[in-house]
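# Structural overview
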Amino acid sequence: MKDIIRISIVLLAVSGLLLYAVSLLERSSATTGSGTISVFNWGEYIDPELIEQFEEETNIQVVYETFASNEAMMTKIEQGGTSYDVAMPSEYAIEKMKESDMLLPIDHSKIPNLENIDPYFLDLPFDPGNEYSIPYFWGTVGIAFNPTLLEDGQTFESWDDLWDPALSQEVVLVDSAREVIGMGLNSLGYSLNSTDMDKLREATEKLKTLGPNVKAIIGDEIVEMMRREEAAVALTWSGQAADMMWINEDIDFSVPQEGSNLWFDNMIIPATATNVEGAHAFINFMLDAEVAAQNADYVGYSTPNEAATELMDPEVIEDERFYPPEELRGRLEVYENLGLEMLGVYNEFFLEFKMDMEN
Amino acid sequence: MSKLNNPSKIYLAFVFIVLYAPIFYLIFYSFNSGGTMSGFEDFTLEHYAAVFNDTRLIIILLNTVIIALLSSFISTVIGVLGAIGIVFLRNRKTRSAVLSLNNILIVSPDVIIGASFLILFTLVGVKLGFASVLISHIAFSIPIVVIMVLPKLMELSSSLIDAASDLGASKRDILTRVIIPYIKPGIFAGFFLALTYSLDDFAVTFFVTGNGFATLSVEIYSMARTGITLTINALSALIFIITLALVVGYYVFNQRSRQIAETRGGQS
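What counts, and where the lines are drawn
Residues numbered from 1 in each chain as written. Chains lettered and ligands numbered in written order. Predicted model: local features only at pLDDT ≥ 70, side-chain atom pairs only at ≥ 80, totals over all residues. Heavy atoms only, no water. UniProt positions renumbered as here; feature names shortened; annotations may be inferred. Helix = DSSP H or I, 4+ residues; strand = E, 2+ residues; numbered from the N terminus. Rg over C-alpha atoms; globule rule 2.2 N^0.38 Å. Buried < 20%, exposed > 50% of the residue type's maximum accessible area, 1.4 Å probe, protein only. Contact = heavy atoms within 4.5 Å. Areas by Shrake-Rupley, 256 points an atom, 1.4 Å probe, with all protein chains shown as cover. Buried area = accessible area lost by both parts, 1.4 Å probe. Salt bridge = Lys/Arg side-chain N within 4 Å of Asp/Glu carboxyl O. Domains from an automatic or database assignment. pLDDT = per-residue confidence, 0-100. Pairing = 2+ DSSP bridges.

- Going by the annotation in an unreviewed UniProt entry, the name recorded for chain B is ABC transporter permease, with Planococcus salinus given as the source organism.
- UniProt lists a comment for chain B under the heading Subcellular location (unreviewed entry), and it reads "Cell membrane".
- Comment text from UniProt for chain B, heading Sequence similarities (unreviewed entry), reads "Belongs to the binding-protein-dependent transport system permease family. CysTW subfamily."

- Chain A is annotated in an unreviewed UniProt entry as Extracellular solute-binding protein from Planococcus salinus.
- The UniProt entry for chain A carries this comment under Subcellular location (unreviewed entry): "Periplasm".

If you want it as structure tokens, here you go:
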């Protein structure tokens, strides 16, 4: 019995010491200041130095937490019990959150740096007038490929290049209905927001003929697979392509000429926020030209901040793969909210395509 | 014990290689300057430096350990007392009913436990964070402790307790001097199992973390979209070495106290 008591005391003492260590670390990492804000962001999606800089400049302490999917983030906010002041969902999540009254309107008078954002990225269909959201990073859907694993001269100027018989069992696709069906629609020259059943049917039938070229339909593992050269061609988001290229310099990325999707991750203020002032200060800080440039440099995604692009390495900004030229931009479309029923139809067609693959 | 013959030795070696190879693979690449888990370029310690520079990661690691220690300690206390209560239930039917209820909690998927905790906490108005994670870890650890302690309690012959009370032991004495020393191995087993469960739990924790509080498993999962860096390898290597040191330390400590006990026993 004695030793059990002794061990218990040691255990509690160790926990106490660790708790003390945590509180010391938390205090040293943050300047004791007026108020705190909690920021809820994707993993590895901000330069940590910027958080420190924000704390120093404003005396607002930042509690930072990460999430892995829009759905996980929305559940946490919707259920309550949390009070995040700023979060960074993708655009389709913003529409859903807006519909379920999970967002607070953003006071533009408190965000003077909003003028740094390229007007091309403002006032988009998912949030007219940017009432609830400010773009954080953006990108496209395209084809990441590794020329060293392919025949010489293989290019991906057109979606139809994916159908090249030389690519048998080489192509991996992201496991996402709107990206894959959208690619099918785009390859036929249709809009990726199409709700016309005939067009969707046509796109699905065309996708089925891609079957012999498809090696796998997978999720985030796609990045690791391309990095390790286990696959040569991938239909993916530009952000993931950037992550691949970061490690494996052989990889290249191309947005086909027929057009593609334009996606956004945005800063929003959840309805459960407790420090709305601080949230505005944080959003404004992130839009500062120098801050945005440093952040884009760290994260490697495309920034919508026009003033920041002037401060960045021209080589990055002129890279048409990640900052497409004007004429291609015209053919990029943002996903519109098609409603639950239509999403169901997309999923149905995607499933049909996947089922067909198994035969 | 008879000596192992050669095929058994080979088999044993094979099993250990299979178990430890992934860990050493991971540790090996934590020294890779190339930045990926493929193609070793050069030896570097930069990933270890990155671990210590990232205060947030350290805080998350410490929080994970604190939650594990506290939750397993509290659940051991509750679980041991609960198991004693179950064993001394007179009515056979109630006893087996209570036991089944306990087992259901072990079998039911973590996802369901996590989701129900999330709903409960938000309903009651508990803010997600340290407290919510601690409470849910205690809750899913208690049935494990009960299961580990019960067999020892079943072994305990009731005549031992009768003898103690015949000799004038109070109820308190019976508990602290007869029952607990007898079931001590079960208590330790339950504690350590609860500790490991808490350390690597993802599903339940995923639901109940919030407001800036996260544990290591949840944090690593969040990195999936942009890729997990070798910093995590370095961190895992450090955890592995610390665990190894603790196990070796525990073994040495045990050996020595056993030796002391033996020499004392020899003198008397």
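After that view, the rundown keeps rolling.
### Examining the overall build of chain B
- Across its full length, chain B holds eleven helices and zero strands.
- Here the C-alpha radius of gyration of chain B, 23 Å, is well above what a compact globule of 268 residues would show, namely 18 Å.
- Principal-axis analysis of the C-alpha atoms gives chain B an extent of 75 × 60 × 35 Å.
- Residue burial in chain B is summarised as follows: out of 268 residues, 38% are buried.
- Relative to all contacts within chain B whose residues are 6 or more apart in sequence, the contacts with residues 24 or more apart total 70%.

### Some remarks on the overall build of chain A
- In terms of helices and strands, chain A carries 14 helices and ten strands.
- Over its C-alpha atoms chain A spans a radius of gyration of 23 Å, differing by no more than 12% from the 21 Å that the globule rule assigns to 359 residues.
- Dimensions of chain A along its principal axes, counting C-alpha atoms only, are 70 × 60 × 45 Å.
- In chain A, which comprises 359 residues, the share counted as buried stands at 55%.
- A total of about 15300 Å² of accessible surface is found on chain A, and carbon and sulfur atoms cover 51% of it.

### A short note on the interface of chain A and chain B
- On the chain B side, the residues contacting the 44 residues of chain A number 44 residues.
- Buried surface at the junction of chain A and chain B, both sides included, amounts to about 3900 Å², of which 65% is carbon and sulfur.
- Linking chain A with chain B are one salt bridge.
- Put simply, A:Asp3 and B:Lys184 hold a salt bridge, and the shortest N to O gap is 2.7 Å.
- Elements supplying a minimum of two residues to the side of chain A that touches chain B: α1 (2–29), β2 (61–67), α3 (70–79) and α8 (238–247) of chain A.
- The dominant element in the side of chain A that touches chain B, judged by the number of residues it contributes, is α1(A), at 15 residues.

### So, the domain arrangement of chain A
All names here are of chain A.
- Domain boundaries assigned for chain A yield domain 1 (31–132 + 269–317) and domain 2 (139–262 + 327–358).
- Computed from C-alpha atoms alone, the centre-to-centre distance between domain 1 and domain 2 is 29 Å.
- Taken together, the 13 residues of domain 1 in the interface contact twelve residues of domain 2.
- At the boundary of domain 1 with domain 2, total buried surface from both sides reaches about 1100 Å², with 55% on carbon and sulfur atoms.

### Describing the UniProt feature "binding site: spermidine" (unreviewed entry) in chain A
Residue and element names in this part refer to chain A.
- The positions UniProt marks with the feature "binding site: spermidine" (unreviewed entry) are Glu-44 and Tyr-92.
- Tracing the sequence through the fold places Tyr-92 in helix α4 (residues 91–99).
- The class of Tyr-92 is partly exposed, set by a relative accessible area of 32%.
- Leave out the neighbours within four places in its chain, and Tyr-92 touches Asn-70 and Glu-71.

### With respect to the side chain of B:Asn211
- Mapped onto the elements of the fold, B:Asn211 is located in the loop between α9 (203–208) and α10 (216–222).
- B:Asn211 sits in the buried class, given a relative accessible area of 18%.
- Leaving out residues up to four positions away in the same chain, B:Asn211 has contacts with A:Val63, A:Glu65, A:Gly81, A:Thr82, A:Ser83, A:Tyr84, B:Lys127 and B:Leu128.

### Here's the deal with the confidence of the model for chain B
Residues and elements named next belong to chain B.
- Chain-level pLDDT for chain B is 86 on average; 94% of the residues reach the 70-or-more range.
- Within chain B, helix α11 (residues 230–267) has the poorest average pLDDT of any element, 79, and helix α6 (residues 130–155) the best, 92.
- With a pTM of 0.75, the predicted complex shows an ipTM of 0.75.

### As for the pairing of strand β4 (residues 133–145) of chain A
Residues and elements named next belong to chain A.
- Most of β4 sits inside the fold, with 13 of its 13 residues counted as buried.
- As paired strands, β4 and strand β7 (residues 233–237) are joined by five bridges and run antiparallel to one another. Each residue of the ladder has a partner; that of Gly-142, found in β7, is Thr-236.
- Direction of pairing for β4 relative to strand β8 (residues 252–254): antiparallel, over a ladder of three bridges. Within β8, the residue paired with Ala-144 across the bridge is Phe-253.

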